[in-house]
Amino acid sequence: MHITVEISYYPLVTNYDQPVFELVELLKQHENLSLAVGMMSTQIGGNYDVVMPVLNNCMKQLMQKYPSVFNLKIANACEVK
């Protein structure tokens, strides 16, 4: 099943752009995902069984380094644009 996840990431640190950059770089390492980086959110798309472990791993890495808030929307009816 194909899914799309819209991620809004809010690192609760002064230099918040660095953790956001790290998230994007972690996601770019996975060539089997569609990726669209926007000003307010990032969208990733792919097979459910591929996307969810990647997302879990990326979030865990960042939450171990920074106080973080993630806001996710997950859909099986939308494509990454």
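See the structure printed just above.
Remember, it's a predicted structure, so these values are computed and weren't measured experimentally.

Let's shift gears to helix 2 (residues 48–65). Taking 1.5 Å of rise per residue, 18 residues should cover 26 Å, and helix 2 covers 26 Å from first to last C-alpha, within 8% of that figure. Within the sequence span of helix 2, burial applies to V51, V54, L55, C58, M59 and L62. Down the axis, helix 2 shows its buried residues gathered within 125° of arc, on one side only. In helix 2, the exposed positions angled more than 90 degrees off the buried face are occupied by D49, N56 and Q64. On the buried face of helix 2, the contacting elements are strand 1 (2–11), helix 1 (17–28), strand 3 (42–47) and strand 4 (68–75). Between the side-chain oxygen of the N-cap and the backbone nitrogen of D49 there are 2.8 Å, and the N-cap of helix 2 in question is N47.

Right, let's talk about the sheet that holds strand 4 for a bit. Across the sheet, which stays open at both edges, the 4 strands sit in the order 2-3-1-4 with antiparallel pairing between neighbours. What marks the edges here is a single partner per strand, and that holds for strand 2 (34–37) and strand 4. If you compare each strand with its neighbour and ignore which way they point, the axes differ by 20° on average. In this sheet, strand 3 lies alongside strand 1 in antiparallel orientation, the contact comprising 6 bridges. When the bridges of strand 3 are listed, E6 appears paired with Q43. Seen against the sheet, helix 1 touches strand 1, strand 2, strand 3 and strand 4 and runs at an angle of roughly 155° to strand 1.

What follows deals with the nonpolar core. If you look at the biggest cluster of nonpolar residues, it comprises 17 residues, and the most contacted ones within it are V5, I7, L23, L27, I44, L62 and F70. If you list the elements that add at least two residues to this core, you get strand 1, helix 1 and helix 2. Setting aside anything within four residues of it in sequence, one finds L27 in contact with I7, L35, T42, I44, V54 and C58.

By secondary structure assignment, the location of M52 is in helix 2. Distance in space between the C-alpha atoms of M52 and N76 is 13 Å, their sequence separation being 24 residues. Apart from residues no more than four positions distant in its own chain, M52 is found in contact with I3 and I74.

Conventions and cut-offs
- Residues numbered from 1 in each chain as written.
- Predicted model: local features only at pLDDT ≥ 70, side-chain atom pairs only at ≥ 80, totals over all residues.
- Heavy atoms only, no water.
- Helix = DSSP H or I, 4+ residues; strand = E, 2+ residues; numbered from the N terminus.
- Expected span 1.5 Å × (residues − 1).
- Buried < 20%, exposed > 50% of the residue type's maximum accessible area, 1.4 Å probe, protein only.
- Arc of directions from axis to C-beta.
- Contact = heavy atoms within 4.5 Å.
- Polar contact = N/O pair within 3.5 Å; in protein donor to acceptor, adjacent residues only side chain to side chain.
- Pairing = 2+ DSSP bridges.
- Axes fitted to C-alpha atoms, helices over the stretch in contact; angles between N-to-C directions.
- Core = buried A, V, L, I, M, F, W, Y, C linked by side-chain atoms within 4.5 Å.

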